Amino acid sequence: MTISIWRYSHLTLAISSSIFILLATLTGIVLAFEPVSNQLKPYAVKNADTFSLSKTIENLKSEYDDIISIEMDKNDFVIATVFTNEGKNETFYINPFTAKKIGNLIEKAPIFKFATNLHRSLFLKSTGRAIIGFISFLLLLMAITGVLLIIKRQGGKKHFFSKIIKEGSNQYYHIIIGRYALIPLIIITISGVYLSLEKFSLLPSDKNVHISNKEISTEASKLNMTDFDLFKSITLNDIECVEFPFSNDVEDYFVLKLKDKELYVNQYNGEVISQKKDGFVTLASSYSMILHTGQGTIIWAIVLLLTCFSILFFMFSGFSMTFDRRKNRIKIKNKFSKDAAEYIILVGSETGSTFGFAKVLYNALIAQGKSVFVSELNTYSSYKKAAHLVVFTSTYGDGEAPANARYFEKLVRTIPQKNKLQYSVVGFGSLNYKSFCKYAIIVDALLQSHQKFIPNLSLRKINNQSFIAFKNWVDFWSKSKGLNLEIEKPEKISHSKLFKVINKSKINSDHSFLIELEPTQKTHFASGDLLSIYPKNTHTERLYSIGKIGNNVLLSIKKHEFGICSNYLNQLKENDMLFADIKQNKAFHFPTSAKEVVMISNGTGIAPFLGMINNENHNHIKTYLFWGGRTKESYQMYSKHIDKAFYNKKLSGIYLSFSNEENQKKYVQNALAENEELISRVLKNKGVIMICGSITMRNGVLETLENISSSKLNIPLNMNQIKTDCY
Amino acid sequence: MKHTLVFKTLPILVITLFVFFGFKNKVNTTSYKCMIQMTNYTGEGAYIAISLLNPDGTYEKTLYIQGDDDEWYSDITEWWKFHGKIRADIDAITGATISGGGRTISVIQIDDDKIDVGYKIRFESAVEDQEYYKDDVEFELTSESVKSKVDGNGFIRYVRIIPQ
């Protein structure tokens, strides 16, 4: 419940205040340079801060006619206002050791004047100040809701600073930068709000008053002001400002403004007449000013500058995430009402992406003349004619229901169902999360315990929205219903490119062959990307993992007896042309930042690895290839590419396992277990393990890796080190 | 005959003397220390314009401005009618605003020939979103008044002034 409120308010706040925040941020960037440029001016005198006030006065007295005030500014420059011997009144920076003028007061550059004005009042005077103060408050709220969102997402306060799982770069950096910029951001906004409140006199006034010193000595001692004990003991670092007595009248006194109090000092005997301590409000104002503007410290000014840049990034990444979410929200227009449909599809999704899959199934069923109704889990109701229920759901956070499935559990328990429904549940998620598809497991268990629901297929979990895995499930499901569904990937317009066949191997004993294609136009892709092919006269997409050899696409294909696409590809000859698309698959690109990479595959799953081990840019990374096939003969066709990599020292080890050889009955996971030293070392050294091939193989391999990790390293397998592309 | 000569020469003599002294006494100016003590009002720092008024009561010159952000100058209404038109360079005679309860010492320059001839000095004060006082402090410049203390009617508690 709460998560959605926080996200909603985080977004609403951002939208409503974005233009003003943008203005304030851009001007803030400009203004951050002001304290820096002031600090770099050469008016700071070394050791001036430890120089005594009385010496400073003495020096000034001998140099000038009369002194009006001495000030130590935020940059630690000493400013004196004096009458020069020519009778002129001047204010300038001095060197306290010599009392000589060392420079005129810094004049605020026009650009800073302009930016300051825009920053604090948008040139709208009080109205503008009120707006900016309010916006600052909104930004504070955003920072707070942001913290809550991070805590929620990371699964508790304790994990606030633990590793973030990368799903998209916008999201990833929004959180990463959010964690670091958080504290300065909160400081900026609180001080900003404080300064605005001060401008509108909405703060309690400082109640401290001057308290007279009762023990004023009566003796009319007359001392030279440079002999006052007080002035001797005070250094320039202690003072903010010293105002000299206005006239020679005994009623006129020195006003010493120190860091935390104000003193009135008799001008003839140096006694403190009265003093006033700064109250909380005064101190808070002065700190707000320093913290908000960065006056006097370059480092803080730079922190402020970086924070401004991070706000710009938050705006950009935040809005692009929102737009992505909008795009994913596919609207489905139901042809049948809930009580008329035979098939019910219910969707639970946080970001809307799961709806795409529901739509694919919906279209396929409608094409077969079936009556279907699609809705969100939250709208669960009674279904008069329904016989089949399908639930597609993602998981939020640590096994929680996604936004539109929050009431499902309660509804299932309270709403009576007339018919018995056959159900099956598909969970969408990422193996990178500990609680992979956890909510789908909960839904599955919930339905299982319900009298009116009969399990049809067991729960299927789909990693990283793999369309191949989804298609696999659909085939399985439609068979169980006695249907023959053709599903289509929800595609935007197809940008098919033309490829030329360069080379095609003969079919081997495993019914597999290699085919090398050359793009006819400039195409960017990497090993691990997918090639999408629509064979003639079909609307069904087939996807193959690409190995990039030079600039060509290498595919390894298993021919199925009735496979339309594999047969179509098998009959191609050299120089034949075909249309295909390249689908980026960043999740399975070669990890260039790892030191060691283990590649595990079976059958035709070797294709992307053939490209990776022959890429000249991966020189410094050690690679080990595990491959499992039926017989030695089935390996022959790949050996050319592997020998080449070996010869060029791109491959550090190859481990083959044959499951159907006379003297060997070994699977790839057996080879892993035999080389557990290597595997545990790679895991320990933050290497990456890539798996490509069948799902059965993947499950076996993951189990073996888990065993190695827990027995050798005493830690559970870290899924962030695993990349998979399995079907 | 002699009389006519006197009548003819006297004006010439007077004019000559006038011109002569006029050039020689290139009008002396005196610096005055001027302290403004504010009342304990709450709110923003006050903007204060110190101006010289001629015997007719019209503005002649800006002597000092407390407040260095010209965004707010138009709040000092009467003075702005004068200064807003000519926009004389006042950079050298501006200081920071003064907050409630505060005091500030500034130095102003007044030509000696403005003393004891009916010229006046005026302190106007304005605080953001609060009142504006056209004559918070206003008094005639005499050799007595330029070393005195004058109470204010608005944000200013009193003004003290002494020749330097």
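One can find the structure itself at the top, above this paragraph.
Computed from a predicted model, the values in this text were never measured in an experiment. (Residues numbered from 1 in each chain as written. Chains lettered and ligands numbered in written order. Predicted model: local features only at pLDDT ≥ 70, side-chain atom pairs only at ≥ 80, totals over all residues. Heavy atoms only, no water.)

> Before we go on, may I ask you to explain the overall build of chain B in this structure?
For chain B, the helix and strand inventory stands at 2 helices and 9 strands. Ordered by position from N to C terminus, the α and β elements of chain B give α-β-β-β-α-β-β-β-β-β-β. For chain B, the proportion of its 164 residues judged to be buried stands at 45%. Of the roughly 9000 Å² of accessible surface on chain B, a fraction of 55% belongs to carbon and sulfur atoms. (Helix = DSSP H or I, 4+ residues; strand = E, 2+ residues; numbered from the N terminus. Buried < 20%, exposed > 50% of the residue type's maximum accessible area, 1.4 Å probe, protein only. Areas by Shrake-Rupley, 256 points an atom, 1.4 Å probe, with all protein chains shown as cover.)

> How should the sheet that holds strand S1 (residues 66–72) of chain A be read in this particular structure?
Strand pairing in a sheet relies on backbone hydrogen bonds. The paired strands run either parallel or antiparallel. All names here are of chain A. Across the sheet, which stays open at both edges, the 9 strands sit in the order S4-S3-S2-S1-S6-S7-S8-S9-S5 with antiparallel pairing between neighbours. Strands with a single pairing partner mark the edges of an open sheet, and in this sheet they are strand S4 (100–104) and strand S5 (211–212). Sheet analysis places strand S2 (residues 78–83) next to strand S3 (residues 89–95), joined by 5 bridges and oriented antiparallel. By the bridge assignment for S3, Phe-83 is matched with Asn-89. (Pairing = 2+ DSSP bridges.)

> Where do I start with the side chain of Lys-666 of chain A in this structure?
All names here are of chain A. By secondary structure assignment, the location of Lys-666 is in the loop between strand S25 (653–658) and helix H16 (668–674). In terms of polar contacts, Lys-666 uses its side chain to reach the side chain of Glu-674, at 3.3 Å. Excluding residues within four positions of it along the chain, Lys-666 makes contact with Leu-656, Ser-657, Phe-658, Ser-659, Ala-671 and Glu-674. (Polar contact = N/O pair within 3.5 Å; in protein donor to acceptor, adjacent residues only side chain to side chain. Contact = heavy atoms within 4.5 Å.)

> How should the packing of aromatic side chains be read in this particular structure?
Two numbers describe a pair of aromatic rings. These are the distance of the centres and the angle of the planes. Enumeration over the complete set of coordinates arrives at 37 aromatic pairs over all chains. Considering the side-chain rings of Trp-79 of chain B and Trp-80 of chain B, the 6.3 Å spacing of their centres and the 55° angle between planes classify their relative orientation as tilted. Note on Trp-79 of chain B: relative accessible area 0%, which makes it buried. Ring geometry for Tyr-133 of chain B and Phe-155 of chain B: centres 5.2 Å apart, planes at 80°, overall edge-to-face. Residue Tyr-133 of chain B is found in strand S7 (residues 132–140), and its partner Phe-155 of chain B is found in the loop between strand S8 (149–151) and strand S9 (156–163); the two are separated by 22 residues along the sequence. Three or more aromatic residues joined by ring pairs form one cluster here, namely Tyr-343, Phe-357, Phe-392, Phe-428, Phe-467, Phe-470, Trp-473 and Trp-477 of chain A. A cation over a ring is seen here: Lys-504 of chain A above Phe-513 of chain A, with NZ or CZ 4.9 Å from the ring centre. Directly above the ring of Tyr-119 of chain B sits Lys-114 of chain B, whose terminal nitrogen or CZ lies 5.4 Å from the centroid. (Phe/Tyr/Trp six-rings, centres within 6.5 Å; stacked < 30°, edge-to-face > 60°. Lys NZ or Arg CZ within 6 Å of the ring centre and 35° of its normal.)

> Looking at this model, I keep getting lost on the interface of chain B and chain A. Mind explaining?
How big an interface is tends to be expressed through the accessible area that disappears when the partners come together. Taken residue by residue, the interface counts 22 residues in chain B and 25 residues in chain A. With both chains or domains summed, chain B and chain A bury close to 2000 Å², and 44% of this area falls on carbon and sulfur atoms. Its largest share of buried area at the contact with chain A, chain B owes to Glu-71, Arg-103 and Arg-160 of chain B, together 29% of the area lost on that side. For the interface between chain B and chain A, the tally reads 6 salt bridges. Here Glu-243 of chain A and Arg-103 of chain B are joined by a salt bridge, their closest N and O atoms 2.8 Å apart. (Buried area = accessible area lost by both parts, 1.4 Å probe. Salt bridge = Lys/Arg side-chain N within 4 Å of Asp/Glu carboxyl O.)

> Which parts of the structure should I look at to understand a nonpolar patch on the surface?
Residue and element names in this part refer to chain A. A cluster of nonpolar side chains, namely Ile-5, Trp-6, Ile-144 and Leu-148, defines an oily patch on the protein surface of about 320 Å² accessible area. Positionally, Ile-144 belongs in helix H4 (residues 125–154). A relative accessible area of 38% means that Ile-144 is categorised as partly exposed. (Patch = residues over 30% accessible without salt bridge, like charges linked within 9 Å, V, L, I, M, F, W, Y side chains within 5 Å.)

> Hey, could you run me through the packing of helix H17 (residues 676–684) of chain A against helix H18 (residues 695–713) of chain A in this one?
Two quantities define a packed helix pair, namely the angle between the helix axes and the distance between the axes. Residues and elements named next belong to chain A. Between H17 and H18, whose axes approach to 10 Å, the crossing angle comes to 80°. Overall, the two elements H17 and H18 adopt an arrangement that is roughly perpendicular. Residues Glu-676, Glu-677, Ile-679, Ser-680, Leu-683 and Lys-684 of H17 form the contact with H18, whose participating residues are Leu-705, Ile-708, Ser-709, Lys-712 and Leu-713. A per-class count over the contact of H17 with H18 returns 5 nonpolar, 2 polar and 4 charged. (Axes fitted to C-alpha atoms, helices over the stretch in contact; angles between N-to-C directions. Parallel < 35°, antiparallel > 145°, perpendicular 65-115°, else oblique. Nonpolar A, V, L, I, M, F, W, Y, C, P; charged D, E, K, R; others polar.)

> Please clarify how the nonpolar core should be interpreted in this entry.
All names here are of chain A. Ranked by internal contacts, the top residues of the largest apolar core, which has 49 residues, are Phe-408 and Leu-705. Shared between two domains, this core takes at least three residues from each, and those domains are domain 4 (329–480) and domain 5 (497–726). Within the second largest apolar cluster, 30 residues are counted, among which are Phe-355, Tyr-362, Phe-392 and Phe-467. (Core = buried A, V, L, I, M, F, W, Y, C linked by side-chain atoms within 4.5 Å. Domains from an automatic or database assignment.)

> What's the story with the pairing of strand S9 (residues 272–277) of chain A in this structure? I'm lost.
On a regular strand, one side chain projects to one face of the sheet and the next to the other, so that they alternate. Residues and elements named next belong to chain A. Where S5 lies against S9, 2 bridges are found, and the strand directions are antiparallel. Following the sheet pairing, Ile-211 is matched in S9 by Gln-275. With 5 bridges joining them, strand S8 (residues 261–266) and S9 adopt antiparallel strand pairing. Considered in S9, the bridge of Leu-263 is made with Gln-275. Taking the residues between adjacent antiparallel strands as the criterion, S8 and S9 are bridged by 5 residues, where Gly-270 takes a positive phi near 75°.

> Would you mind showing me how to read the pattern of salt bridges here?
As a working rule, side chains carrying opposite charge can pair if their charged atoms are close by. On inspection of all chains with the given rule, the structure shows 23 salt bridges over all chains. Put simply, Arg-129 of chain A and Glu-128 of chain B hold a salt bridge, and the shortest N to O gap is 3.6 Å. Taken together, the residues Arg-129 of chain A in helix H4 and Glu-128 of chain B in the loop between strand S6 (120–126) and S7 connect one chain to another. In this pair, the class of Arg-129 of chain A matches that of Glu-128 of chain B, namely buried.

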